[in-house]
Amino acid sequence: MSYTIGFQAKDQKAILATEAATANQAVAIIAALRQSAEEIKFIRSPQEGDMGIEMLLLLAKEEAEEMPQRG
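Residues numbered from 1 in each chain as written. Predicted model: local features only at pLDDT ≥ 70, side-chain atom pairs only at ≥ 80, totals over all residues. Heavy atoms only, no water.

(A) Here's a closer look at the packing of aromatic side chains. Going through the model one piece at a time under the given rule, you end up with 0 aromatic pairs. A cation over an aromatic ring shows up here: R44 above the ring of F42, its NZ or CZ 4.1 Å from the ring centre. (Phe/Tyr/Trp six-rings, centres within 6.5 Å; stacked < 30°, edge-to-face > 60°. Lys NZ or Arg CZ within 6 Å of the ring centre and 35° of its normal.)

What follows is the structure, encoded as structure tokens:
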């Protein structure tokens, strides 16, 4: 499932967006954006619609549980 993350730099008016192929990638992008003081404006998926960070974390957890374990 793909995700679009909209964000705004603190000195900018424009909202930028980036894509992530998985929920885990989206969580990593959001963590990086938060460290650089970017404001998350939206998280969106074609299948799920708009969601909050808590929902994305839940989807990332489910995604990790579905992936085969290496070992």
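(B) Fine view of the pattern of salt bridges. Applying the stated criterion across every chain, the model contains 2 salt bridges. Between K41 and E39 there is a salt bridge, with its nearest N and O atoms 3.3 Å apart. (Salt bridge = Lys/Arg side-chain N within 4 Å of Asp/Glu carboxyl O.)

(C) Representation of the nonpolar core within the structure. Ranked by internal contacts, the top residues of the largest apolar core, which has 14 residues, are Y3 and L56. Listing elements by their share of this core, those giving two or more residues are strand 1 (3-8), helix 1 (23-35) and helix 2 (53-66). Setting aside anything within four residues of it in sequence, one finds L56 in contact with Y3, A23, A26, V27, I30, I43 and M51. (Core = buried A, V, L, I, M, F, W, Y, C linked by side-chain atoms within 4.5 Å. Buried < 20%, exposed > 50% of the residue type's maximum accessible area, 1.4 Å probe, protein only. Helix = DSSP H or I, 4+ residues; strand = E, 2+ residues; numbered from the N terminus. Contact = heavy atoms within 4.5 Å.)

(D) Quick look at helix 1. Taking 1.5 Å per residue as the helical rise, helix 1 with its 13 residues ought to reach 18 Å, and the 19 Å between its terminal C-alpha atoms agrees with that figure. Along helix 1, the residues that are buried comprise A23, A26, I30 and L33. Along the long axis of helix 1, the arc covered by the buried residues comes to 80°, so they all point the same way. Packing partners of the buried residues in helix 1 comprise strand 1, strand 2 (16-20), strand 3 (39-45) and helix 2. (Expected span 1.5 Å × (residues − 1). Arc of directions from axis to C-beta.)

(E) Structural view of the pairing of strand 3. Where strand 1 meets strand 3, 5 bridges bridge the pair, whose relative direction is antiparallel. Counterpart to T4 in the pairing with strand 3 is R44. Across 3 bridges, strand 3 lies against strand 4 (residues 49-51) in antiparallel orientation. Of the residues in strand 4, the one forming a bridge with R44 is D50. (Pairing = 2+ DSSP bridges.)

Remember that the coordinates give geometry; whether it matters functionally is a separate question.
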